[in-house]
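# Summary of the model geometry
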Amino acid sequence: MTEDRPLPQVTVLDAGGQYCHLIARRVRELGVYAEVKPSDTPAAELAGRKAIIISGGPSSVYEAGSPSMDAAVFGSGAAVLGICYGLQLMTRLMGGHVQKGEKGEYGHSRVNLTAGHALFEGLEEREQVWMSHRDRVESVPEGFSVIGRTDTCPIAAMGDASRRLYGVQFHPEVVHTPKGQRILENFIFGVAGCVRDWDPRGRLGLLEAKIREVAGGRNIFFFVSGGVDSSVAYTLCLRALGPDRVHGAYVDTGLMREGETDFVRGVFTPMSGDTFRVVDASSDFVGALQGVVDPERKRHIIGEMFVAVQDRVLATGAYTDGDWILGQGTIYPDTIESGGTSKADLIKTHHNRVAGIQKLIDENRIIEPLTSFYKDEVRAIGRELGLPAEMLDRHPFPGPGLAIRLLCSDEAKAVVKREEGVLLPVRSVGVQGDSRTYRSALALESVSRAAVGEAAETVNRVADVNRVVGLAGSHAPLASLATTPCWIDSQRLERLRRADAIVRRICLESGFEKKVWQFPVVVAPLGVPGRPDSVVLRPIDSMDGMTAQVVVMDEPLLREMTAELLAVPGICAVFYDLTHKPPGTIEWE
Ligand code: XMP
């Protein structure tokens, strides 16, 4: 069997942290293939690894049920690096002591490093690092020495050079630790002796050979969303087997951004001729959403409609019979159930795996050419395939599309003046602790960076609010705005599409696009007669969507954007979301 990945030299043990995939990605950036496995993977299964990295995680090592690991890993001959929780787990399992912390340490810190350690080759004695922890190591296990200290954390790094076991309390994998990548490089090459074995570029031939092998004599059918993963997977299969044997369909839900359907058609039709088709299901989707206000009901209806439409497409093309298998753009992180991702599903229902294709999955008639790769690597493959940058570099876009960015209302309700600001009679989803909230937003009269710092505190203090926005501009005084009963209809969808297109164009032209991870544009039914809707701008930075930080744009850019948005017919005001995630979610619904 053709293999599209080498035997791993490096395994990252996932202790439930949002950072475990980031660690593996960073190792791969060094040119060494790395995989992620559950923290409690038996040492025997890891035999032959040169390096093991134990990730951070949200738990405390003393909590019942917190992630643990096989202590035999420490004597397996592999070099081991524990990061944050990984350091604490290592300490506890090897006989050191971890102290439960009351108040954590989060953010930038300066660490004093002991010179001469292989792990810190090429670093200064004092370096900036990123900390995010509550508990800390109180005493190191026998054989270890302390090799890093900060003012607040006396054991910020420890090591036992003879056994090649190391631990750091800070996070070398994040960009906020400027020399972090050098530390990982020192560990992977200097300490563990790994050799370079990974470059996702130059693999097209191998990937195509593997596709031909898995498909055998069978043909492949794809639902293409226009997103990076399914587009790259579909294109790879087209190259491997040709358009007669690889058919694709794109479902136009009517909930897409401006120009999206034409763009996708324009990319794939020349490659595949009439074996790629656009299925116009917009009236099905928009019709089913009449009268629906609740975000979760919207998601449910859209999910069900996808199932119905996909089933229809599969049945009419007879793709469920005979010699067809289903192609999917599943990528590496999708294949690993980590603490972080499973929790995300409780906040909002995602519907990536629909029941209509279950038959094919059950019968193992499925092909997923990208399961070894991270998103950045998929983009690199896409570039080699010649797919347009506009398709590869786009921000993530939710499956339910504009439906969850077009807020609806079933009542006419005015804003209410409060001590802290103006209470808007529109609700949005938030997340506090691990729970979902669905509450009103509070509006301030202006947009300021200072307000971002205060927003979380305001949300904590004001019980019926989970978001704070600032007014960027309006045709009418804030105090005069009210909701009107309305749902998803073609006129409001068009309004949102125009607003979204304006924002996207200005972002691309100004370069602001590069400063954000995602930039949802929301339309809420808030305004005055003749101008019943308002726009909310939601630019954020994030690593993986699990948490997110507000990005405040410069004033001249915001002024230009606001002026253009206020010129859209029906738009009354423009707001700027000032709430990080948590307590807000990235999308409003
Ligand atoms: P939230 O709003 O939960 O979003 O902070 C986190 C990330 O997930 C995306 N998102 C979705 N993606 N189906 C999807 O495929 C959904 O129902 C959905 N809801 C949110 C969101 O765009 C962000 O990137």
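Residues numbered from 1 in each chain as written. Predicted model: local features only at pLDDT ≥ 70, side-chain atom pairs only at ≥ 80, totals over all residues. Heavy atoms only, no water.

One finds F519 and L537 to be the most contacted residues of the largest nonpolar core, which totals 66 residues. Each of domain 2 (204-401) and domain 3 (406-577) contributes no fewer than three residues to this core. Ignoring anything within four residues of it in the chain, the contact list for F519 reads H395, V503, C507, F512, L537, R538, P539, M553 and M561. Core analysis: the second largest hydrophobic core is formed by 41 residues, I23, A24, V36 and V111 among them. (Core = buried A, V, L, I, M, F, W, Y, C linked by side-chain atoms within 4.5 Å. Buried < 20%, exposed > 50% of the residue type's maximum accessible area, 1.4 Å probe, protein only. Domains from an automatic or database assignment. Contact = heavy atoms within 4.5 Å.)

A word on the packing of aromatic side chains. This model, assessed by the stated rule, comprises twelve aromatic pairs. Relative to Y234, the ring of F222 lies with its centre 5.6 Å away and its plane at 55°, an arrangement referred to as tilted. In this pair, F222 sits in strand 12 (residues 219-223) while Y234 sits in helix 5 (residues 228-241), placing the two residues twelve residues apart along the sequence. Looking at F222, the relative accessible area reads 0%, which means it is buried. Residue Y234 is classed as buried on the basis of its relative accessible area, which comes to 0%. One aromatic cluster is present, formed by F221, F223, Y319 and W324 through successive ring pairs. Directly above the aromatic system of Y332 lies the positively charged group of R28, at a separation of 5.2 Å from the ring centroid. (Phe/Tyr/Trp six-rings, centres within 6.5 Å; stacked < 30°, edge-to-face > 60°. Helix = DSSP H or I, 4+ residues; strand = E, 2+ residues; numbered from the N terminus. Lys NZ or Arg CZ within 6 Å of the ring centre and 35° of its normal.)

Okay, the packing of helix 4 (residues 204-215) against helix 5 next. Viewed as axis vectors pointing N to C, helix 4 and helix 5 meet at an angle of 75°, and their least axial separation amounts to 9 Å. Here helix 4 is positioned roughly perpendicular relative to helix 5, judged by the angle of their axes. Contacts from L204, L207, E208, I211, R212 and A215 in helix 4 reach L236, C237, R239, A240 and L241 in helix 5. Taken together, the residues of the contact of helix 4 with helix 5 sort by class into eight nonpolar, no polar and three charged. (Axes fitted to C-alpha atoms, helices over the stretch in contact; angles between N-to-C directions. Parallel < 35°, antiparallel > 145°, perpendicular 65-115°, else oblique. Nonpolar A, V, L, I, M, F, W, Y, C, P; charged D, E, K, R; others polar.)

Here the focus is the packing of helix 5 against helix 6 (residues 260-272). The interhelical angle for the contact between helix 5 and helix 6, taken along N-to-C directions, is 10°, at an axis separation of 11 Å. With respect to helix 6, the axis of helix 5 lies roughly parallel. Once helix 5 is placed against helix 6, the crossing between them reads as left-handed. For the pair helix 5 and helix 6, the contacting residues are S231, Y234, T235 and L238 in the first and F268, M271 and S272 in the second. For the contact of helix 5 with helix 6, the per-class residue count stands at four nonpolar, three polar and no charged. (Left-handed = near helix turned anticlockwise from the far one by under 90°.)

Before going further, it helps to spend a moment on the sheet that holds strand 22 (residues 482-483). Strand order in the open sheet made by the three strands is 17-22-24, with antiparallel pairing throughout. The outermost strands of the open sheet, each flanked by one partner alone, are strand 17 (413-414) and strand 24 (526-527). Sheet analysis places strand 22 next to strand 24, joined by two bridges and oriented antiparallel. Note on strand 24: the bridge partner recorded for A482 is G527. (Pairing = 2+ DSSP bridges.)

Counting through the fold element by element, Q88 comes out in helix 2 (residues 85-93). When the C-alpha atoms of Q88 and T275 are compared, they prove to be 55 Å apart, with 187 residues separating the residues in sequence. With near-sequence residues (within four places) excluded, Q88 lies in contact with V61, V98, H133, D135, R136, V137 and Q169.

This part is about the side chain of T41. When you line up the elements, T41 lands in the loop between strand 2 (34-38) and strand 3 (51-54). Within the structure, the side chain of T41 is placed 2.6 Å from the backbone oxygen of P38, a separation counted as a polar contact. Apart from the residues within four sequence positions on either side, T41 is in contact with L13, L46 and D70. (Polar contact = N/O pair within 3.5 Å; in protein donor to acceptor, adjacent residues only side chain to side chain.)

This paragraph deals with the side chain of H395. When you line up the elements, H395 lands in the loop between helix 12 (389-392) and strand 17. Exposure remark for H395: the relative accessible area of 17% places this residue in the buried category. A polar contact of 3.3 Å, which involves the side chain of H395, links it to the backbone oxygen of E513. Beyond its immediate chain neighbours, meaning those up to four positions away, H395 contacts E513, V516, W517, Q518 and F519.

Below, the discussion takes up the sheet that holds strand 6 (residues 105-113). The strand order across the open sheet built from nine strands is 2-1-3-4-11-10-9-6-7, with neighbouring strands paired in mixed fashion. Only two strands of the sheet have a single neighbouring strand rather than two, namely strand 2 and strand 7 (126-133). Neighbour-to-neighbour, the strand axes of this sheet turn through a mean angle of 25°, independent of strand direction. As judged from the five bridges shared by strand 1 (residues 10-14) and strand 2, these two strands associate in the parallel manner. Each residue of the ladder has a partner; that of V10, found in strand 2, is A34.

Turning our eyes to something else, we now look at helix 4. Taking 1.5 Å per residue, twelve residues should reach 16 Å; helix 4 reaches 16 Å between its end C-alpha atoms and fits that length. By the burial criterion, the buried members of helix 4 are L204, L207, E208, K210, I211 and A215. Along the long axis of helix 4, the arc covered by the buried residues comes to 160°, so they all point the same way. On the buried face of helix 4, the contacting elements are strand 12, helix 5, strand 15 (324-327), strand 16 (366-367) and helix 11 (375-385). Backbone geometry just downstream of helix 4 places G216 in the positive-phi region, at approximately 60°. (Expected span 1.5 Å × (residues − 1). Arc of directions from axis to C-beta.)

Per-residue pLDDT for the protein averages 92, and the proportion of residues at 70 or more is 96%. Overall, residues 338-346 carries pLDDT values under 50, and its contacts beyond four positions in sequence, including any with other chains, amount to seven contacts. (pLDDT = per-residue confidence, 0-100.)

This part is about the pattern of salt bridges. Any two side chains of opposite charge can pair, given that their charged atoms come close. Scanning the model with the defined rule gives 32 salt bridges in all. Note that D229 and K375 form a salt bridge whose closest N and O atoms lie 3.1 Å from each other. A residue pair is termed long-range when its members are at least 10 positions apart, and D229 in helix 5 and K375 in helix 11 qualify at 146 residues. A salt bridge links D577 to R538; the shortest N-O distance between them is 3.3 Å. Note that D577 is positioned in strand 28 (residues 571-577) and R538 in the loop between strand 25 (533-537) and strand 26 (540-542), a separation of 39 residues in sequence. We note that D577, like R538, is buried. (Salt bridge = Lys/Arg side-chain N within 4 Å of Asp/Glu carboxyl O.)

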